[in-house]
Amino acid sequence: MSKAAAIDIASVTKVYGSTTAVHAISLKIPAGSYCCLLGPSGCGKSTTLRMIAGHESISDGDVRLGNQVVTDLPPARRGTSMMFQSYALFPHLDVTDNVAFSLKMKGVAREERRRRALEMLQLVHMEPYASRRPAQLSGGQQQRVALARALITDPQALLLDEPLSALDPFLKVKMRAELKRLQASLGITFVHVTHSQEEAMALADVIVVMNAGRIEQAAAPRDVFERPATAFVARFMGDHNVISGRLAGSDERGVSIAPAGGGLFSAIGAPQDADAPIDIAVRTDRVRIGPASAPGLGFTGVVENVEYRGSSVKLTVAGAGVDDFTAIVSDTDFFAAPVKVGDAAPLAWNREDAIVLGRLAS
Ligand code: ADP
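The rules behind each value
Residues numbered from 1 in each chain as written. Predicted model: local features only at pLDDT ≥ 70, side-chain atom pairs only at ≥ 80, totals over all residues. Heavy atoms only, no water. Helix = DSSP H or I, 4+ residues; strand = E, 2+ residues; numbered from the N terminus. Buried < 20%, exposed > 50% of the residue type's maximum accessible area, 1.4 Å probe, protein only. Contact = heavy atoms within 4.5 Å. Lys, Arg positive; Asp, Glu negative; His and termini not counted. Charge placed at Lys NZ, Arg CZ, Asp CG, Glu CD. Pairing = 2+ DSSP bridges. Axes fitted to C-alpha atoms, helices over the stretch in contact; angles between N-to-C directions. UniProt positions renumbered as here; feature names shortened; annotations may be inferred. Near = heavy atom within 4 Å. Polar contact = N/O pair within 3.5 Å; in protein donor to acceptor, adjacent residues only side chain to side chain. Areas by Shrake-Rupley, 256 points an atom, 1.4 Å probe, with all protein chains shown as cover. Core = buried A, V, L, I, M, F, W, Y, C linked by side-chain atoms within 4.5 Å. Domains from an automatic or database assignment. Buried area = accessible area lost by both parts, 1.4 Å probe. Salt bridge = Lys/Arg side-chain N within 4 Å of Asp/Glu carboxyl O. Parallel < 35°, antiparallel > 145°, perpendicular 65-115°, else oblique. Left-handed = near helix turned anticlockwise from the far one by under 90°. Nonpolar A, V, L, I, M, F, W, Y, C, P; charged D, E, K, R; others polar. Phe/Tyr/Trp six-rings, centres within 6.5 Å; stacked < 30°, edge-to-face > 60°.

1. Examining the overall build of the protein
Item 1. On a plain count of helices and strands, the protein comes out with 9 helices and 20 strands.
Item 2. Going through the 362 residues of the protein one by one, you find that 48% of them count as buried.
Item 3. Restricting the contact set of the protein to residue pairs at least 6 apart, pairs at least 24 apart contribute 65%.
Item 4. Averaging the positions of the 38 positive and the 38 negative side-chain charges in the protein gives two centres separated by 7 Å.

What follows is the structure in structure tokens.
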């Protein structure tokens, strides 16, 4: 197996006619890491992946793999390999010949390429299906074949475009674990495009959150979850309430903000620009029903929705300055003092559970 390579994306832009799909992004993906490009549809994830692979030209900037600039190299000479969402298997070839295809193109002798293909099939537990045609396989099995085919070129980095999106939920979770296992055992760099926060959290060493062709945050899953960099990340990851307002006060630990609709909220951290509107994020799972311990660490609002989730209950509450606030409270706490739709409920949290968010320079 070849060595893993780091991927260095330096101020890379992609322009399609009048659309800028990717705006001068810079990103260093460490060698041997599992990186997920995460974001909503159309944010530029696939375009970025295809530029790393060489399936899309780069309008401006450079991509390096290890210490080689690969910006103008064709896909087969980059040391990367791509697995497509559609698997793109040849229907008329059996599984072994599908996996061995790129070796045939390179002129590797038949015996040698069949031997290597079987090795790859073993790696993805598909050896028993070696002589079947793709049409005789399930979706999950076809995907394993596509994976074996991508790995046979001995890449330094494997690029996966929404690899799990065609699978049913059960298979998705199973394949997810296998991808992680494979990446750990091969030790090569994986770059995996997904729009699923859960998938990225489960797999990645580094999550790169993209929005409208830009990177909002690139960090370990725990950092993205606990310290979202921007309002977009906080909303997209889905576990924070975002409140926006003007600076109303500050001390050495943080700030207080006053939303346009009223209310006052404190958060730790410093804003980039005290004159501009400030966004703060409050962890949904740290909110409790009860009075605040200090001003700015809670509010009283009207309960708009109550959703029972088994071990927790999700409340939606509207108050001054916050129209759609989510609180996830434990079932025990909720049923000790239940509230219902229409009730006025006091909500509170600790100061460390509200943080100041940043804004991207435009
Ligand atoms: P994602 O993978 O995050 O869903 P894409 O990278 O596919 O997003 O697309 C980013 C943007 O670039 C979108 O606005 C999309 O419409 C545009 N785009 C992608 N491919 C092409 C293309 N071949 N021609 C023109 N526009 C494209």
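2. Some remarks on the sheet that holds strand S4 (residues 60–65)
The strands that make up a sheet pair up through hydrogen bonds in the backbone, lying either parallel or antiparallel.
Item 1. Strands sit in the order S2-S1-S4-S5 across an open sheet of 4 strands; the sheet is antiparallel. Edge positions in the open sheet fall to strand S2 (19–29) and strand S5 (68–69), since each of these has one partner strand only.
Item 2. Where S4 lies against S5, 2 bridges are found, and the strand directions are antiparallel. Its bridge partner being in S5, Arg64 is matched across the sheet by Val69.
Item 3. Sitting on the sheet, helix H1 (residues 45–53) touches strand S1 (7–16), S2 and S4, and the angle it makes with S1 is about 115°.

3. Examining the UniProt feature "domain: ABC transporter" (unreviewed entry) in the protein
Item 1. As recorded in UniProt, the feature "domain: ABC transporter" (unreviewed entry) lies at residues 7–237.
Item 2. Between the end C-alpha atoms of residues 7–237 the distance is 25 Å, and the span holds 37% helix and 26% strand.

4. Overview of the pairing of strand S13 (residues 265–268)
Item 1. Sheet analysis places strand S12 (residues 254–258) next to S13, joined by 4 bridges and oriented antiparallel. Bridged to Val255 within S13 is Ala267.

5. Observations regarding the site of the ligand
Item 1. Taken together, Tyr16, Ala21, Pro40, Ser41, Gly42, Cys43, Gly44, Lys45, Ser46, Thr47 and Arg50 form the complete shell of residues around the ligand.
Item 2. In this structure, an oxygen atom belonging to the ligand sits 3.0 Å away from a main-chain N or O atom of Gly44.
Item 3. In the environment of the ligand, an oxygen atom lies 2.9 Å from a nitrogen or oxygen atom belonging to the side chain of Lys45.
Item 4. Here the ligand loses 60% of its free accessible area of 560 Å² to cover by the protein chains.
Item 5. By residue number, the principal contributor to the shell around the ligand is H1, which donates 4 residues.

6. Examining the nonpolar core
Item 1. With 44 residues, the main nonpolar core has Val99, Leu147, Leu151, Leu158 and Leu160 as its most contacted residues.
Item 2. Ranked by residues supplied to this core, first place goes to helix H4 (residues 139–151) with 6 residues.
Item 3. When residues of this core are assigned to domains, at least three map to each of domain 1 (7–226) and domain 2 (233–356).
Item 4. The contact partners of Leu158, leaving out residues within four places of it in the chain, are Ser81, Leu147, Ala150, Leu151, Ile188, Thr189, Phe190 and Val191.

7. Here we look at the domain arrangement of the protein
Item 1. According to the domain assignment, the protein consists of domain 1 (7–226) and domain 2 (233–356).
Item 2. Computed over C-alpha atoms only, the centres of domain 1 and domain 2 are separated by 39 Å.
Item 3. Counting residues at the interface gives 12 residues for domain 1, matched by 7 residues for domain 2.
Item 4. For the pairing of domain 1 and domain 2, the buried interface totals around 890 Å² over both sides, and the portion due to carbon and sulfur atoms is 72%.
Item 5. At the boundary of domain 1 with domain 2, the tally comes to 0 salt bridges.
Item 6. At the boundary of domain 1 and domain 2, one finds 1 residue pair in polar contact (both at pLDDT 80 or more).

8. Examining the side chain of Ser312
Item 1. Along the chain, the position of Ser312 falls in strand S17 (residues 312–319).
Item 2. Contact partners of Ser312, with chain neighbours within four places excluded, come to Glu307, Ile328, Val329, Ser330 and Asp331.

9. Observations regarding the sheet that holds S17
Item 1. Strand order across the open sheet formed by 5 strands is S15-S19-S16-S17-S18, with antiparallel pairing between neighbours. Edge positions in the sheet fall to strand S15 (288–289) and strand S18 (322–330), since each of these pairs with one other strand and no more.

10. Describing the side chain of Thr48
Item 1. As for its placement among the helices and strands, Thr48 is situated in helix H1.
Item 2. Separated by 2.7 Å, the side chain of Thr48 and the backbone oxygen of Gly44 make a polar contact.
Item 3. Setting aside anything within four residues of it in sequence, one finds Thr48 in contact with Ile9, Val22, Ile25, Leu37 and Met210.

11. Section: the packing of H4 against helix H5 (residues 169–186)
Item 1. Across the interface, H4 lies against H5 with an axial gap of 12 Å and an inter-helix angle of 20°. Classed by the angle they form, the pair H4 and H5 counts as roughly parallel. Between H4 and H5 the crossing geometry is right-handed. Residues Gly140, Gln143, Arg144, Leu147 and Leu151 of H4 form the contact with H5, whose participating residues are Leu171, Lys174, Met175, Glu178, Leu179, Leu182 and Leu186.
Item 2. Looking at side-chain class alone, the contact of H4 with H5 contains 7 nonpolar, 2 polar and 3 charged residues.

12. Let's talk about unusual backbone geometry
Item 1. At Ala24, a residue that is not glycine, the phi angle is positive and equals roughly 40°.
Item 2. Residue position: Ala24 is located in strand S2.

13. Here's the deal with the packing of aromatic side chains
Item 1. Under the counting rule described, the total for this entry stands at 10 aromatic pairs.
Item 2. Ring centres of Phe325 and Trp349 lie 5.3 Å apart, and the angle between their planes is 20°; on these two criteria the pair is classed as stacked. Of the two residues, Phe325 sits in strand S18 while Trp349 sits in the loop between strand S19 (344–348) and strand S20 (354–356), which places them 24 residues apart along the sequence. As far as burial versus exposure is concerned, Phe325 and Trp349 are alike and both buried.
Item 3. Aromatic pair Phe334 and Phe335: ring centres 5.0 Å apart, planes at 90°, arrangement edge-to-face.
Item 4. You can call Phe334 buried: its relative accessible area is 5%.
Item 5. You can call Phe335 partly exposed: its relative accessible area is 49%.
Item 6. Every member of this aromatic cluster is reached through a ring pair, and the members are Phe265, Phe299, Phe325 and Trp349.

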